[in-house]
Amino acid sequence: MDNKLKGIIWLLIASLGFSLMGLFVKLSGDLPVVQKSLFRNLVGMILPLYFVYKYKSKLFGSLKNQPILMMRSLFGLTGVLLNYYTIDKMILSDADMLNKLSPFFTIIFCAVFLKEHIKKYQLLSMLIAFCGALFIIKPSFSSDITIALIGVAGAIFAALAYTTLRVLGSKEEFYTTVFYFSFFSTIVLLPITYFQYVPMSSTQLIYLLLSGLFATVGQFGLTIAYQHAAAKDISIFFYSTVLFSALIGFITFNEIPDYLSCMGYVIIFCASYYMFQRARA
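Residues numbered from 1 in each chain as written. Predicted model: local features only at pLDDT ≥ 70, side-chain atom pairs only at ≥ 80, totals over all residues. Heavy atoms only, no water.

Let's shift gears to the side chain of T177. Here T177 shows up in helix α9 (residues 174-196). Not counting the four nearest positions on each side in its chain, T177 is found in contact with L69, R72, L165, L168 and E172. (Helix = DSSP H or I, 4+ residues; strand = E, 2+ residues; numbered from the N terminus. Contact = heavy atoms within 4.5 Å.)

Its location among the elements puts T186 in helix α9. Setting aside residues no more than four positions away along its own chain, T186 makes contact with L38, N41, L42 and M45.

Here the focus is the environment of A271. Note on placement: A271 falls in helix α13 (residues 259-280). Given the relative accessible area of 0%, A271 is considered buried. A sequence separation of 136 residues divides A271 from F135, and the C-alpha atoms of the two residues are 14 Å apart. Apart from the residues within four sequence positions on either side, A271 is in contact with F104, S125, I128 and A129. (Buried < 20%, exposed > 50% of the residue type's maximum accessible area, 1.4 Å probe, protein only.)

What follows covers the pattern of salt bridges. Between side chains of opposite charge, a pair can form when the charged atoms approach closely. A full pass over the atoms with the stated rule returns five salt bridges. Where K36 meets D88, a salt bridge forms, and the shortest distance between an N and an O atom there is 2.7 Å. One end of the pair, K36, is in helix α2 (residues 33-44); the other, D88, is in helix α4 (residues 66-89), with 52 residues separating them in the sequence. Of the residues examined, D88 reaches a relative accessible area of 25% and is grouped as partly exposed. Here E116 ties to R166 by a salt bridge, and the two come within 2.5 Å at their closest N and O atoms. You can see E116 sitting in the loop between α6 (102-113) and α7 (120-137) and its partner R166 sitting in helix α8 (residues 143-168), a full 50 residues away along the chain. Looking at R166, the relative accessible area reads 52%, which means it is exposed. (Salt bridge = Lys/Arg side-chain N within 4 Å of Asp/Glu carboxyl O.)

Between the first and last C-alpha of α2 there are 16 Å, a value that for 12 residues agrees with the 16 Å anticipated at 1.5 Å per step. With 11 of 12 residues buried, α2 lies mostly within the body of the structure. Along α2, the positions that sit buried rather than exposed are V33, V34, Q35, K36, S37, L38, F39, R40, N41, V43 and G44. Residues of α2 that are buried in the fold lie against α1 (3-27), α3 (46-54), α4, α9 and α10 (202-228). (Expected span 1.5 Å × (residues − 1).)

In this section: the environment of G221. Within the secondary structure layout, G221 lies in helix α10. For the pair G221 and I13, spaced 208 residues apart in sequence, the C-alpha to C-alpha distance is 6.1 Å.

On to empty space enclosed by the protein. Tallied over the entire structure, the rule returns one cavity of 30 Å³ or more. R40, N41, G44, F181, S182, G212, A215, T216 and Q219 are the residues that line the largest cavity. A breakdown of the residues in the lining of the largest cavity according to their chemical character gives two nonpolar, six polar and one charged. (1 Å grid on protein atoms, 1.4 Å probe; cavity = no way out; pocket = protein on both sides within 12 Å on 5 of 7 lines; lining within 4 Å. Points joined across faces, edges and corners; volume = space filled by probe spheres on them. Nonpolar A, V, L, I, M, F, W, Y, C, P; charged D, E, K, R; others polar.)

We now examine the packing of aromatic side chains. Applying the stated criterion across every chain, the model contains 18 aromatic pairs. On the numbers, 5.2 Å between centres and 85° between planes, the contact of Y194 with F195 is edge-to-face. An aromatic cluster is defined as three or more aromatic residues linked by ring pairs; in this entry it consists of Y50, F51, Y55, Y175 and F220. Cation over ring: K26 sits above F253, and NZ or CZ is 5.8 Å from the ring centre. Over the ring of F181 we find R72; its NZ or CZ atom is 4.5 Å from the centre of that ring. (Phe/Tyr/Trp six-rings, centres within 6.5 Å; stacked < 30°, edge-to-face > 60°. Lys NZ or Arg CZ within 6 Å of the ring centre and 35° of its normal.)

Quick look at the structure:
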């Protein structure tokens with residue numbers, strides 16, 4: 001098996017992991033988003049902690065990298081909270097597709113903050129993707145658009161987190177970065193959860209622990225995938241998350257995206273596929 005195929009397989013594993021995370025977040029019911037995120041990050045600390053101790057790495061990274069690690073964690077946590085809120089309120093596949101706008105925002109932020117040049121095909125792809133997002137958002141004067149815009153905001157903060165990771169580069173091991181993010185999130189969320197804690201059933205607790213487990217599978221799968229192959233060769237396969245989420249939403253919640261959302265999926269996928277093919281050229 002060559003590295004490219006390994007990368008694709010790990011990316012599909014990551015996609016399934018994130019889709020199952022969304023399923024268990026939704027199944028956990030009417031709990032505060034902060035509480036849901038706390039349990040995800042408690043579980044998310046365990047596996048990175050094992051690698052940190054196994055390879056005798058610094059638990060919190062180098063002192064000089066603290067500002068970047070903290071910014072990555074703050075942006076990442078905000079993105080997770082907004083994404084969880086969207087998952088609770090929207091059809092699972094709609095919420096997931098809005099979150100998949102993050103690569104396009106990442107290109108913009110890298111151009112603005114890191115002075116990376118935006119190529120014409122990237123700009124065209126972004127414009128097409130935003131048009132596709134409008135089919136999912138369905139602009140109107142209703143509460144639905146507010147929820148959809150929160151989903152877009154989640155993608156923006158995720159993109160900011162990815163941009164800081166680009167700045168960080170290989171200065172820190174991936175498991176150190178993942179542990180730092182989970183630890184930071186836990187410290188921030190603990191006092192908030194304490195004051196607005198809602199008692200849970202044992203079933204809800206299991207669902208939240210499973211959401212944390214599959215979120216960790218997704219994070220590690222994504223990292224390992226890009227270790228085996230370049231993003232330009234495999235990134236398009238990450239959109240399989242939307243397919244997994246649509247199937248899970250239909251089987252579990254009998255969710256059926258409307259035709260406008262489906263058109264939005266196709267438009268965003270085509271924009272991503274076009275950018276993927278141009279990047280490979």
